[in-house]
Amino acid sequence: MAESMTEATSPSVTMDIHLSDGTLASLATDVRDGLSSTPKTLPPKYFYDARGSELFERITAQPEYYPTRVEQSILDQRGAEIVNQVQPRELVELGPGSARKTHALLDPMFDAGLARTYVPVDVSESAVRDCAARLARHYDGRLAIHGLVGDFQAHLDRLPMNGDRRLFAFLGGTIGNLEPRERQVIFRSLRNQLGPDDRLLIGTDLVKDRARLEAAYNDSAGVTAEFNRNVLHVINSRLDGDFDPQCFEHVALYDESLRRIEMRLRATKAHRVRITAIDLDIEFDRGEQIRTEISCKFSRSRLSREYSSAGLELLDWYTDSESMFALSLTGPNGSS
């Protein structure tokens, strides 16, 4: 398959695929660089093969994991208000996963006679195809769906331009998986995509007590642990690695000073791993860790400063009664 291609999968669904052969090259580079560094790291985007996406859906149903439920409740309560304010004809969603939350925005767009186009953007081709097919069925072909399989850190400049007023949605707290410098790059890239009347809706988890945060990433059923180890399954299947995922235990701890959860895999014994496709042998000491994800927690003032530095203005703030999670609506500076 070519690195970039466009295909029509149905009368209402078009797919732009920018990650295929290139995905393997990117994975190989990221794995080599991350596992050769000190400390060892792996990017969280590689959790999300088909199995990883299914595991994440299971995580969202665990009683300890509040972010998805709380964000959904905010969207259900305020989605129509957001749509009324923005008047979007196109919804662009970064990292939609199953796109279950998307209905809270698309339904009021249809109710107002606005909805024309939905653009899901995800690194997982299966996730984009599945959500596009499901939404095409749900809306009986009335919604044009233009999926983009790509990395939002590399392919935002390839977003389709349909000439409509757009609402960009970056939900699920995913922006918190990035370091501050990386967030600024994404915010600036998104700012460059926004027309004067376009808006950006971002979901963020908020600072709260350590116990609540750590419980959310250490569910008693062990689903998050299996999700964390899934990155090793991905390396094994795609780069011919011989990781034994059961030789690693899941660790998730809150760093008070950095205001973030750090998720890691810790070796339970000393051993060697071979990754044949990149001709790499890695030695692990007992207790050595691979950092697989960060999840930053925010305050309104911190976000407002970060938005401003990227040329964005915080226009509205939507949160729940306990201030656990927030949606922030932003636009280009001077939008208010």
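Please refer to the structure higher up on the page.
Residues numbered from 1 in each chain as written. Predicted model: local features only at pLDDT ≥ 70, side-chain atom pairs only at ≥ 80, totals over all residues. Heavy atoms only, no water.

Chemist: What should I look at first to understand the overall build of the protein in this one?
Modeler: The secondary structure content of the protein amounts to nine helices and 15 strands. Taken against the 2.2 N^0.38 rule, which gives 20 Å for 336 residues, the C-alpha radius of gyration of the protein at 20 Å falls within 12% of a compact globule. Overall size of the protein, expressed as C-alpha extent along the three principal axes, is 60 × 45 × 35 Å. Split into buried and exposed, the 336 residues of the protein put 55% on the buried side. For the protein, the proportion of contacts with a sequence separation of at least 24, taken over those separated by at least 6, is 69%. Carbon and sulfur atoms make up 46% of the accessible area of the protein, which amounts to about 14100 Å² in all. Separation between the mean location of the 41 positive side-chain charges and that of the 51 negative ones in the protein comes to 3 Å. (Helix = DSSP H or I, 4+ residues; strand = E, 2+ residues; numbered from the N terminus. Rg over C-alpha atoms; globule rule 2.2 N^0.38 Å. Buried < 20%, exposed > 50% of the residue type's maximum accessible area, 1.4 Å probe, protein only. Contact = heavy atoms within 4.5 Å. Areas by Shrake-Rupley, 256 points an atom, 1.4 Å probe, with all protein chains shown as cover. Lys, Arg positive; Asp, Glu negative; His and termini not counted. Charge placed at Lys NZ, Arg CZ, Asp CG, Glu CD.)

Chemist: Which parts of the structure should I look at to understand the sheet that holds strand E10 (residues 260-267)?
Modeler: Strand pairing in a sheet is mediated by backbone hydrogen bonds. Such pairs are either parallel or antiparallel. Taken in spatial order, the four strands of this open sheet run E3-E13-E10-E9, and their pairing is mixed. With partners counted over all chains shown, the strands left at the sheet margins are strand E3 (40-41) and strand E9 (248-255), one partner each. With eight bridges joining them, E9 and E10 adopt antiparallel strand pairing. Note on E10: the bridge partner recorded for Leu 253 is Glu 262. (Pairing = 2+ DSSP bridges.)

Chemist: I keep staring at the packing of helix H6 (residues 180-193) against helix H9 (residues 300-309) and nothing clicks. Help me out?
Modeler: For any two helices packed against each other, one specifies the inter-axial angle together with the distance between the axes. Direction vectors running N to C along H6 and H9 enclose 60°, while the axes themselves pass 9 Å from each other. Put simply, H6 runs oblique to H9. The handedness of the crossing between H6 and H9 comes out as right-handed. Contact with H6, carried on its side by Arg 183, Gln 184, Phe 187 and Arg 188, involves Arg 302, Glu 306, Tyr 307 and Ser 309 of H9 and no other residues of that element. Tallied by class, the residues present in the contact of H6 with H9 amount to two nonpolar, two polar and four charged. (Axes fitted to C-alpha atoms, helices over the stretch in contact; angles between N-to-C directions. Parallel < 35°, antiparallel > 145°, perpendicular 65-115°, else oblique. Left-handed = near helix turned anticlockwise from the far one by under 90°. Nonpolar A, V, L, I, M, F, W, Y, C, P; charged D, E, K, R; others polar.)

Chemist: Would you mind going over the pairing of strand E5 (residues 117-122) with me for this structure?
Modeler: Where a strand is regular, its side chains alternate between the two sheet faces. Counting buried residues along E5, six of its six residues qualify, which places the element largely inside the surrounding structure. Burial of the side chains of E5 extends over both faces: Thr 117, Val 119 and Val 121 are buried on one face and Tyr 118, Pro 120 and Asp 122 on the other. For strand E4 (residues 90-94) and E5, the ladder comprises five bridges, and the chain directions are parallel. Its bridge partner lying in E5, Glu 90 is registered against Thr 117.

Chemist: Can you walk me through the environment of Thr 330 in this structure?
Modeler: Along the chain, the position of Thr 330 falls in strand E15 (residues 325-332). The class of Thr 330 is buried, set by a relative accessible area of 0%. Between the C-alpha atoms of Thr 330 and Val 207, which are 123 residues apart in sequence, the distance is 20 Å.

Chemist: It is not clear to me how unusual backbone geometry should be interpreted in this structure. Could you clarify?
Modeler: It is generally the case that most residues other than glycine have a negative phi and that most peptide bonds are trans. Backbone torsion omega between Thr 38 and Pro 39 reads -5°, so that peptide bond is classified as cis. Of note, Pro 39 is situated in the loop between helix H1 (21-35) and E3. Residues other than glycine seldom take positive phi values, yet Asp 240 does so here, at roughly 55°. Structurally, Asp 240 is set in the loop between helix H8 (223-239) and E9. You will see that Ser 323, though not glycine, has its phi angle at about 50°, which is positive. Among the structural elements, Ser 323 can be located in the loop between strand E14 (312-319) and E15.

Chemist: Just checking my understanding: could you explain helix H4 (residues 103-111) for this structure?
Modeler: Each α-helix turn comprises 3.6 residues. Residues three or four places apart therefore point the same way. Within H4, seven of the nine residues are buried, which leaves it mostly tucked inside the rest of the structure. Among the residues of H4, His 103, Ala 104, Leu 105, Leu 106, Pro 108, Met 109 and Phe 110 are the ones counted as buried. Among the structural elements, helix H3 (67-86), E4, E5, helix H5 (125-138), strand E7 (166-170) and strand E8 (199-205) are those in contact with the buried residues of H4.

Chemist: I keep staring at the packing of aromatic side chains and nothing clicks. Help me out?
Modeler: Any pair of aromatic rings gets described here by the distance separating the centres and the angle formed by the planes. Tallied over the full model, the rule gives 13 aromatic pairs. With 4.5 Å between their ring centres and 40° between their planes, Phe 47 and Phe 227 make a pair best called tilted. Taken together, the positions of Phe 47 in the loop between E3 and helix H2 (50-60) and Phe 227 in helix H8 put the pair 180 residues apart, joining distant regions of the chain. One exposure class covers both Phe 47 and Phe 227, and it is buried. (Phe/Tyr/Trp six-rings, centres within 6.5 Å; stacked < 30°, edge-to-face > 60°.)

Chemist: Hey, could you run me through the packing of H4 against H5 in this one?
Modeler: Packing of H4 against H5 brings their axes to within 13 Å, and their N-to-C directions diverge by 35°. Remark: the crossing between H4 and H5 carries right-handed chirality. Residue-level contacts link His 103, Leu 106 and Asp 107 of H4 to Arg 134, Leu 135 and His 138 of H5.

Chemist: What is the right way to look at H8 in this model?
Modeler: The end-to-end C-alpha distance of H8, which contains 17 residues, comes to 24 Å, matching closely the 24 Å that a straight helix rising 1.5 Å per residue would cover. Where H8 bends most, the angle comes to about 30°, and this point is Arg 229. Counting buried residues along H8, 13 of its 17 residues qualify, which places the element largely inside the surrounding structure. Count one or two residues on from H8 and you reach Asp 240, which has phi positive near 55°. (Expected span 1.5 Å × (residues − 1). Bend = angle between axes of the 7 residues up to and from the residue.)

Chemist: I keep staring at the pattern of salt bridges and nothing clicks. Help me out?
Modeler: Pairing between side chains of opposite charge can happen when the charged atoms of each approach one another. Within this structure, the stated rule accounts for 25 salt bridges. Where Glu 81 meets Arg 78, a salt bridge forms, and the shortest distance between an N and an O atom there is 2.7 Å. Here Glu 81 and its partner Arg 78 are both found in helix H3, three residues apart, which amounts to about one turn of the helix. The class of Arg 78 is partly exposed, set by a relative accessible area of 26%. (Salt bridge = Lys/Arg side-chain N within 4 Å of Asp/Glu carboxyl O.)

Worth remembering: the numbers are spatial, not functional.
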